[in-house]
Amino acid sequence: MTELAGRHGAVNLGQGFPDSDGPAGMLEVARVAIAEGCNQYPPGRGLSVLRAAIVRDRARIGLDYEAEGEVLVTVGASEAVSAAILGLVEPGREVVVIEPYFDLYAAAIAMAGARRRTARLVPDGDGFTLDVDSLRAAITPATRMIVVNTPHNPTGAVLDRAALLAIAEIACEHDLLVLSDEVYEHLTFDGVEHVSLGTLPGMRERTIVVSSAGKRFSVTGWKVGWACAPAPLLEGILAAKQPLTFASGGPFQLAVAHALDNEQEWTAHWCAKLSDKREFLSNALRAAGFGVRHSAGSYYLCADVAPLGEPDALDFCRAMPERIGVAAVPVRVFADDIAPWQTLVRFTCCKRDATLTEAARRLTRSA
């Protein structure tokens, strides 16, 4: 979709990255670190100053970790997810993902020699929630891990405490690991609460909590993420991570450490702006005739092309950059069972106001 956007001069609302920078203080720390020579390998587990800042940050949401043995800095959340699956899931075992799911999960499961099984999100009003029965049905004696992503890419759903308690109950009942991808944890809207799975009863010892700086501080290109887990689990993740990348950029780690301790106000402001952007884009899509689904968090919202008389979102998205001048992603590419997602399109709302205004102009002009 990004390639098509470039070919046709389309506004790219497909790929999930902002087109504006993060907090100035954080950027300045990175510049100074580069100028002062912090340009060689940091420790494989990550700089101690960043791991300590991650511990303080996790404590604010009720998670207690030791910086030395329970925190691992990774090359973005993507590496944390991949290394957790590669390091903790044996070949031939099964991993349950909740569809639609971020496509990285399937690739990491395949690389681990494991098998993918799926639970599903289902409509809940104009949003989505977990079908708990589908999760129970996906568990077999071969299951090793459940992967949970909330706030959710691609739908913007935020799983409530009841759904997360149901996941915790299933994980404890079957003695499963849970990989909790929480990269959008600070980007929820309308007072919706994000609950970290690791805070629920019986879950700390079996949960790998993954997050990153990229989405929270608008520096997706820095690729600074982390995994937090009990030491025995983290050792398995580290064993997979070391031959993948060994370490990530030292200057960026110093800057992220600064941001975690000092830029909470910036994050709150960014979240409020993102909520406004979501509303603006939702209204533009409605005006263009789309059926818009509610997004409670993340960078994304979904819209239905069926009211436009379009039977397939994939065909629609392939034609949209040339026909309308806007690019987006069909949700069906994130699912094994495409039928429930056949006509849904994922749009990203994390762009500058001018970018979204131009996209809205093109969408409404084509209506």
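Before going into details, it helps to say that this report is about the structure given with it. (Residues numbered from 1 in each chain as written. Predicted model: local features only at pLDDT ≥ 70, side-chain atom pairs only at ≥ 80, totals over all residues. Heavy atoms only, no water.)

## Overview of helix α2 (residues 24-35)
For clarity, the threshold we go by: Where helices and strands are cited, they refer to DSSP runs of H or I of at least four residues and of E of at least two residues respectively, numbered from the N terminus. A helix is expected to span 1.5 Å multiplied by its residue count minus one. Categorising residues by exposure relies on relative accessible area from a 1.4 Å probe, with only protein chains included: less than 20% of the type maximum marks a residue as buried, more than 50% marks it as exposed, and the intermediate range marks it as partly exposed. Each C-beta atom gives one direction from the helix axis, and the arc is the one those directions make. In what follows, residue pairs with any heavy atoms lying within 4.5 Å of each other are defined as contacts.
Between its first and last C-alpha atoms α2 spans 17 Å; for 12 residues at 1.5 Å apiece the expected length is 16 Å, and the two agree. What α2 keeps buried is the set M26, L27, A30 and A33. Viewed end-on, α2 has its buried residues packed into an arc of 125 degrees, placing them on one side of the element. Those residues of α2 that are exposed and aimed more than 90 degrees away from the buried face are A24 and A35. The inward-facing, buried residues of α2 contact α8 (214-217) and α10 (250-262).

## Section: the sheet that holds strand β6 (residues 143-149)
For the record, the criterion: DSSP-based pairing: two strands are paired if at least 2 bridges between them are found. Where helices are involved, their axes are fitted lines through C-alpha atoms of the stretch in contact, as for all axes, and angles between N-to-C directions lie from 0 to 180°.
With mixed pairing, the eight strands of this open sheet are ordered in space as β2-β9-β8-β7-β6-β3-β4-β5. Across the chains shown, the open sheet's two edge strands, defined by having one partner strand only, are β2 (71-75) and β5 (127-130). Neighbour-to-neighbour, the strand axes of this sheet turn through a mean angle of 25 degrees, independent of strand direction. Bridge count for strand β4 (residues 115-124) against β5 is four bridges, and the pairing is antiparallel. Considered in β5, the bridge of L121 is made with L130. Its contacts with the sheet put α10 on β2 and β9 (224-228), and the angle it makes with β9 is roughly 65 degrees.

## A word on the nonpolar core
Going by this rule: Among buried residues, the Ala, Val, Leu, Ile, Met, Phe, Trp, Tyr and Cys ones that are joined through side-chain atoms within 4.5 Å form a nonpolar core.
Counting 65 residues, the largest nonpolar core has I85, M145, L179, I208, L285, F290 and F347 as the members making the most contacts within it. It is helix α4 (residues 76-88) that provides the largest number of residues to this core, a total of seven residues. Apart from residues lying up to four places away in sequence, I85 is in contact with Y105, A108, I109, A112, M145 and L179. With 30 residues, the next largest nonpolar core counts A157, L164, L176 and C302 among its residues.

## Thoughts on the side chain of T150
Worth spelling out the cut-off: Residues adjacent in sequence count toward polar contacts only when both atoms are side-chain atoms; beyond that, a polar contact is any pair of N or O atoms within 3.5 Å, and within protein one must be able to donate a hydrogen and the other to accept it.
Within the secondary structure, T150 sits in the loop between β6 and α7 (161-174). A polar contact is formed between the side chain of T150 and the backbone nitrogen of L159, at a distance of 2.9 Å. Setting aside its immediate chain neighbours within four residues, T150 contacts A157, V158, L159, L164, D181, E182 and H194.

From the geometry alone we can't say anything about function, so treat these as descriptive.
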